[in-house]
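So the chains spell out like this:
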Amino acid sequence: MRLPAIFDQHLGRHGHHQGFSWGWIAAIWLAHILTESNHRKQPVQAWVRQAQASIEKITGQQVRELDFTDDRLTLLLRRLSKPATWHTIEKELGQSIIRVYELKPERVRLDTTTISGYHEGGEDSLFRYGYSKDDPTLKQVEAMVAALDPLGMPLASIRCPRSPRKTCARSSLHHTHTLTIRGSSHRQRQRRKEDPSPTTPLSTTNET
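So, how was this worked out
- All residue numbers refer to position in the chain's written sequence, counted from 1.
- Totals for whole chains, interfaces and linings use all residues, but because this is a predicted model, local features are given only for residues with pLDDT of at least 70 and pairs of side-chain atoms are given and counted only at 80 or more.
- Computation of side-chain values: all heavy atoms of the structure, hydrogens and water removed.
- Aromatic pairs are defined between Phe, Tyr and Trp rings, using the six-membered ring for Trp, whenever the two ring centres lie within 6.5 Å; interplanar angles under 30 degrees are classed as stacked, those over 60 as edge-to-face, and all others as tilted.
- Numbering of helices and strands starts at the N terminus; helices are DSSP runs of H or I of at least 4 residues and strands are runs of E of at least 2.
- Categorising residues by exposure relies on relative accessible area from a 1.4 Å probe, with only protein chains included: less than 20% of the type maximum marks a residue as buried, more than 50% marks it as exposed, and the intermediate range marks it as partly exposed.
- Only buried residues count toward a nonpolar core, which is a set of Ala, Val, Leu, Ile, Met, Phe, Trp, Tyr and Cys residues joined through side-chain atoms within 4.5 Å.
- What makes two residues a contact is simply this: any of their non-hydrogen atoms within 4.5 Å.

1. Comments concerning the packing of aromatic side chains
Argument step 1. By the definition in use, this model includes one aromatic pair.
Argument step 2. Judged by centre distance (5.9 Å) and plane angle (55 degrees), the ring pair of Phe20 and Phe68 falls under tilted. Here Phe68 lies in the loop between helix 4 (52-59) and helix 5 (70-80) and Phe20 lies in the loop between helix 1 (3-11) and helix 2 (22-36), a separation of 48 residues in the sequence. For the pair Phe20 and Phe68, one class covers both residues: buried.

2. Here's the deal with the nonpolar core
Argument step 1. Judged by nonpolar contacts, the single largest core of 22 residues is most densely connected at Phe7, Val48, Ile55, Phe68 and Leu76.
Argument step 2. Looking at this core element by element, the count peaks at five residues for helix 2.
Argument step 3. Beyond its immediate chain neighbours, meaning those up to four positions away, Phe68 contacts Phe20, Ile25, Ile28, Val44, Gln45, Val48 and Leu73.
Argument step 4. Counting six residues, the second-largest nonpolar core is a separate cluster that includes Val108, Met144, Ala146 and Leu148.

3. Here's the deal with unusual backbone geometry
Argument step 1. Not every positive phi belongs to a glycine, and Ser37 is a case in point at roughly 50 degrees.
Argument step 2. In this structure, Ser37 sits in the loop between helix 2 and helix 3 (44-50).

In structure tokens, the structure reads:
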């Protein structure tokens with residue numbers, strides 16, 4: 001996937017930055033999340049300490065005590081939170097892992113869900129109070145996934161703050177996602193102009 005190299009290319013490195021690069025910090029943190037099923041920052045440093053020999057063998061670098069502190073991980077998240085930076089990284093990561101299928105897409109299904117939890121939230125946060133059929137006392141974020149029908153292959157995802165009304169955020173997500181998928185389909189047709197075979201326009205189906 002070239003994850004460390006891609007992250008390093010777009011996140012840069014401060015002149016006084018020592019130890020692991022942002023790319024390696026991100027890759028090792030992701031390994032912790034996947035193996036421990038825990039996305040919190042606090043346990044990462046201890047996990048790295050017990051896996052130090054393996055990490056040094058894989059990376060060819062020496063692990064420093066300060067490489068995976070809460071402060072260092074917070075700085076990484078801050079850099080990744082910039083939309084322009086993240087979209088560029090996501091695009092390059094996709095190009096590194098993409099698989100090509102000879103498909104004839106006709107329909108994309110859009111499916112929404114909400115995720116709730118004990119988050120601080122706020123006006124500038126994705127997590128807000130809103131309509132809930134489960135527990136309205138918890139802050140929520142709404143997500144939509146577009147999947148190719150009938151294969152069920154995920155094509156794109158989008159997140160937005162939960163709305164006080166049930167249909168408001170869902171309608172906004174549906175509209176935005178539809179434009180995104182159709183725009184992607186249009187760019188694909190532009191790239192394949194030399195191919196005389198007809199291309200069927202994509203339709204979208206909303207799953208509630």
